[in-house]
Amino acid sequence: MNILVTGGAGYIGSHTIIELYKAGHTAVVVDNLSNSNPESLRRVARITGSEVPFFKVDIRDREGLDRVMGQFKFDACIHFAGLKAVGESVAKPLEYYENNIAGTLVLVQALRDHGCRNIIFSSSATVYGNPEIIPITEQCPKGVCTNPYGWTKSMLEQVLTDMQKADPEWNVVLLRYFNPIGAHESGTIGENPNGIPNNLMPYVTQVAVGKRAELGVFGNDYDTPDGTGVRDYIHVVDLARGHVKALQAIERKCGLGLYNLGTGHGYSVLDVVRAFEKVNGVKVPYSIKPRRPGDIATCYSDPSKAERELDWKAEFGIEEMCRDSWNWQKNNPDGYPEN
Ligand code: NAD
Ligand code: UD1
């Protein structure tokens, strides 16, 4: 299949393109580079041996999308493009709703008008809010999000669901990611956050490489085995492969699909720190800080629906995730070079 990958220069998109080519698909990327560097795509090309056509287009730009969709015929779109910084979304809600929601509306209308009614959407476990059941199945009701970023995911799931209901020609797969970490085994592509990382693993790797003095552990008084927050970390390559499996569901004309992509294992912050130190033989100094507002104690998936229906299962464990995150960070201490 020929796949339009929005946000393909970013962290998950770049890893997914590699898995697409490995599975015999081809890709075209549109990305406005607001949170990425085109160097990622040059490195992807080195890994796959194929140049990936890239267009610096914003998904809110209908004419730009029309030009790309006029030049290529797409069998499906994998839609990663979006802003994702939780704290920033609280400070700039309108920018987040405009970029993520308005952008997706322009994108799906353009896809429809160009005859492509297949889309995979990057959603998030954040739509469960404070989950009613652990491990979280897809039956678990969506919850109250604690920030505008989360609401954009929750609302876009609704938009895409309604769109598919109104026009069953659409195949829509909503993938709820748990916590992606890790990097491609080559260590040449990985997560490249701007400024101070918000998420745990990039903070850990920046402490390990000496860019930051110590990790702040946000709370050790949660109702969890060691008091620190528990999450379902998933290797980004496993996550990428989930998209290839979702494309197969689209080929089978799945209609509407909704899947958790996680490992089903919960690890605490201190479990991650210990695993990272052990696998990589480096120290990660930390100190306990107050809880971070909006955080929940425990969040991990029941990923069995994806296994049953998509024949997808995460293969990498926490040690491989820690190894590959470190391999990327130590080989690229400053991320991708500026152009
Ligand atoms: P990322 O920021 O690395 O990638 C997103 C890409 O989208 C970037 O390259 C950015 O430049 C591009 N983009 C943003 N707005 C755009 C626009 N209007 N037009 C064109 N391109 C635009 O993020 P990621 O971690 O690769 O996440 C990919 C998707 O998965 C996002 O939608 C994100 O919300 C979602 N997601 C991520 C996580 C995570 O922890 N990384 C968890 C759950 C869901
Ligand atoms: C965060 C977002 C969520 C998003 C997800 C993936 C919040 C409230 N939620 O989830 O919307 O979908 O990222 O991008 O930001 N931690 C520390 N020290 C740190 C960083 C994190 O102790 O410096 C802890 C957190 O308290 C948490 C765990 O590590 O218990 C994981 O945090 P993080 O990587 O930010 O992911 P989430 O909070 O699960």
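Keep in mind the model is a prediction, meaning the values are calculated, not measured. (Residues numbered from 1 in each chain as written. Chains lettered and ligands numbered in written order. Predicted model: local features only at pLDDT ≥ 70, side-chain atom pairs only at ≥ 80, totals over all residues. Heavy atoms only, no water.)

Some remarks on the site of ligand 2
Okay, step 1: In the vicinity of ligand 2 there are 18 residues, among which Leu-200, Gly-216, Arg-231, Arg-292 and Asp-295 approach most closely.
Okay, step 2: Arg-231 places a side-chain nitrogen or oxygen 2.6 Å from an oxygen atom of ligand 2.
Okay, step 3: The fraction of the free accessible surface of ligand 2 (740 Å²) that becomes covered by protein chains is 88%.
Okay, step 4: Of the residues forming the shell around ligand 2, the biggest block, four residues, is contributed by strand S8 (residues 215-218).
Okay, step 5: Its residues placed into classes, the shell around ligand 2 shows eight nonpolar, seven polar and three charged. (Near = heavy atom within 4 Å. Polar contact = N/O pair within 3.5 Å; in protein donor to acceptor, adjacent residues only side chain to side chain. Areas by Shrake-Rupley, 256 points an atom, 1.4 Å probe, with all protein chains shown as cover. Helix = DSSP H or I, 4+ residues; strand = E, 2+ residues; numbered from the N terminus. Nonpolar A, V, L, I, M, F, W, Y, C, P; charged D, E, K, R; others polar.)

Side note on helix H11 (residues 318-331)
Okay, step 1: End to end, H11 covers 20 Å across 14 residues, agreeing with the expected 20 Å (1.5 Å per residue, within 8%).
Okay, step 2: Turning to H11, its buried residues number three or more, namely Ile-318, Met-321, Cys-322, Asp-324, Ser-325, Trp-326, Asn-327, Trp-328 and Gln-329.
Okay, step 3: Buried residues belonging to H11 abut helix H2 (39-48), strand S7 (179-181), helix H7 (200-208), strand S10 (233-235), strand S12 (267-268) and helix H9 (269-280). (Expected span 1.5 Å × (residues − 1). Buried < 20%, exposed > 50% of the residue type's maximum accessible area, 1.4 Å probe, protein only. Contact = heavy atoms within 4.5 Å.)

Quick look at the packing of helix H3 (residues 62-71) against helix H5 (residues 93-113)
Okay, step 1: Orientation of H3 relative to H5, taken along the N-to-C sense of each, is 35°, at an axis distance of 10 Å. Read as a crossing pair, H3 and H5 show a hand that is right-handed. Facing H3, whose interface residues are Arg-62, Leu-65, Asp-66 and Met-69, H5 presents Val-106, Leu-107, Gln-109, Ala-110, Leu-111 and Asp-113.
Okay, step 2: Here the residues of the contact of H3 with H5 are counted per class, giving six nonpolar, one polar and three charged. (Axes fitted to C-alpha atoms, helices over the stretch in contact; angles between N-to-C directions. Left-handed = near helix turned anticlockwise from the far one by under 90°.)

Quick look at the pattern of salt bridges
Okay, step 1: Scanning the entire structure with this criterion turns up 24 salt bridges.
Okay, step 2: One salt bridge connects Glu-39 with Arg-43, and the closest N-O pair in it is separated by 2.9 Å. Within this pair, Glu-39 and its partner Arg-43 are both found in helix H2, separated by four residues, close to a single helical turn.
Okay, step 3: Judged by its relative accessible area of 12%, Glu-39 falls in the buried class.
Okay, step 4: Asp-324 serves as the salt-bridge partner of Arg-323, at 3.0 Å between the closest nitrogen and oxygen.
Okay, step 5: Through salt bridges with shared partners, a single ionic network connects Glu-19, Lys-22, Arg-241 and Glu-315. (Salt bridge = Lys/Arg side-chain N within 4 Å of Asp/Glu carboxyl O.)

A word on the nonpolar core
Okay, step 1: Counting residues in each nonpolar core, the largest one holds 40 residues, and the members touching the most others are Val-5, Ile-17, Leu-20, Ile-120 and Leu-175.
Okay, step 2: When residues in this core are grouped by element, the largest group, eight residues, is from helix H8 (residues 236-251).
Okay, step 3: Apart from residues lying up to four places away in sequence, Ile-120 is in contact with Cys-77, Ile-78, His-79, Val-173, Leu-175, His-243, Ala-246, Leu-247 and Ile-250.
Okay, step 4: Formed by 26 residues, the second largest nonpolar core is a distinct cluster that contains Val-28, Cys-116, Phe-121 and Val-172. (Core = buried A, V, L, I, M, F, W, Y, C linked by side-chain atoms within 4.5 Å.)

Some words on the side chain of Thr-6
Okay, step 1: Tracing the chain through its elements places Thr-6 in strand S1 (residues 2-6).
Okay, step 2: A distance of 3.1 Å separates the side chain of Thr-6 from the backbone nitrogen of Ala-81, its partner in a polar contact.

Remember that the coordinates give geometry; whether it matters functionally is a separate question.
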